[in-house]
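# Structure assessment
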Amino acid sequence: QVQLVESGGGLVQTGGSLRLSCAASGGFFSSYGMGWFRQVPGKERDLLAAITWNSGSTYYADSVKGRFTISRDNAKNTVYLQMNSLKPEDTAGYYCNYRLGGGSWMGSWGQGTQVTVSS
C-alpha cells in the first residue's frame, strides 16, 4: 500500500508561485506514473498534470499548461508541482495519486494540501 503525503500549499497573491510536494512511502514509486489533481468543494476532482515513471512524458490540463510543471525525483520518492502565475481560480485542495502505466489511479486520497490565491 502506497502512502501519499502532500505538502507545500499556502496563501499566495495573484501572480505568485508555489511548489507542491508529494512524498510516497511503500510500494515501488519509481514504477508508477504520478499525477496531481485539484478539487474545489462541491466539484469533481480534476487531473491537472501527470508524469510517467521515468519522466519521459508529461500531461497538462489546458487550464494549467504553460504555468505548472510536474517533475519527480525517484531517489526521494517524491513528485513535485511547480505552480507559477497563480490565479484566484487555482484556489483548491491539491492531491496526488499514482498508477501503473496508463491504468486507473490507484491510491487512496490523502488529506491534500490547500492552495489559496488572493486577488
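This one's a predicted model, so the numbers in the text were calculated from it and none came from an experiment.

## Some thoughts on the state of the cysteines
Considering all chains together, one arrives at 1 disulfide under this definition. There is a disulfide in this structure between Cys22 and Cys96, and the S-S distance comes to 1.9 Å. One disulfide, between Cys22 and Cys96, carries an S-S torsion of 60° and so falls in the right-handed class. You can see Cys22 sitting in strand E3 (residues 18-25) and its partner Cys96 sitting in strand E9 (residues 92-99), a full 74 residues away along the chain.

## A word on the nonpolar core
Of all hydrophobic cores here, the largest spans 28 residues; its most connected members are Met34, Trp36, Leu81, Met83 and Tyr94. Of all the elements in the fold, those that place two or more residues in this core are E3, strand E4 (33-39), strand E5 (46-51), strand E7 (68-73), strand E8 (78-83), E9 and strand E10 (113-118). Not counting residues up to four positions away in its chain, the partners in contact with Met83 are Gly16, Ser17, Leu18, Leu20, Arg67, Phe68, Tyr94 and Val115.

## A word on the sheet that holds E4
Pairing in this open sheet of 6 strands is mixed, and the strands run E2-E10-E9-E4-E5-E6 from one edge to the other. Unpaired on one side and paired on the other, strand E2 (10-13) and strand E6 (58-60) mark the two borders of the sheet. Averaged over all adjacent pairs, the angle separating strand axes in this sheet is 25°, with direction ignored. In this structure, E4 lies alongside E9, joined through 7 bridges in antiparallel fashion. What sits directly across from Gly35, in E9, is Asn97.

## Here we look at the side chain of Arg67
With respect to the secondary-structure elements, Arg67 resides in the loop between E6 and E7. A distance of 3.0 Å separates a polar atom in the side chain of Arg67 from the backbone oxygen of Ser85. Not counting the four nearest positions on each side in its chain, Arg67 is found in contact with Gln82, Met83, Asn84, Ser85, Leu86, Lys87 and Asp90.

Procedures and definitions
Residues numbered from 1 in each chain as written. Predicted model: local features only at pLDDT ≥ 70, side-chain atom pairs only at ≥ 80, totals over all residues. Heavy atoms only, no water. Disulfide = S-S within 2.5 Å. Helix = DSSP H or I, 4+ residues; strand = E, 2+ residues; numbered from the N terminus. Core = buried A, V, L, I, M, F, W, Y, C linked by side-chain atoms within 4.5 Å. Buried < 20%, exposed > 50% of the residue type's maximum accessible area, 1.4 Å probe, protein only. Contact = heavy atoms within 4.5 Å. Pairing = 2+ DSSP bridges. Axes fitted to C-alpha atoms, helices over the stretch in contact; angles between N-to-C directions. Polar contact = N/O pair within 3.5 Å; in protein donor to acceptor, adjacent residues only side chain to side chain.

What is shown is where atoms sit, not what they do.
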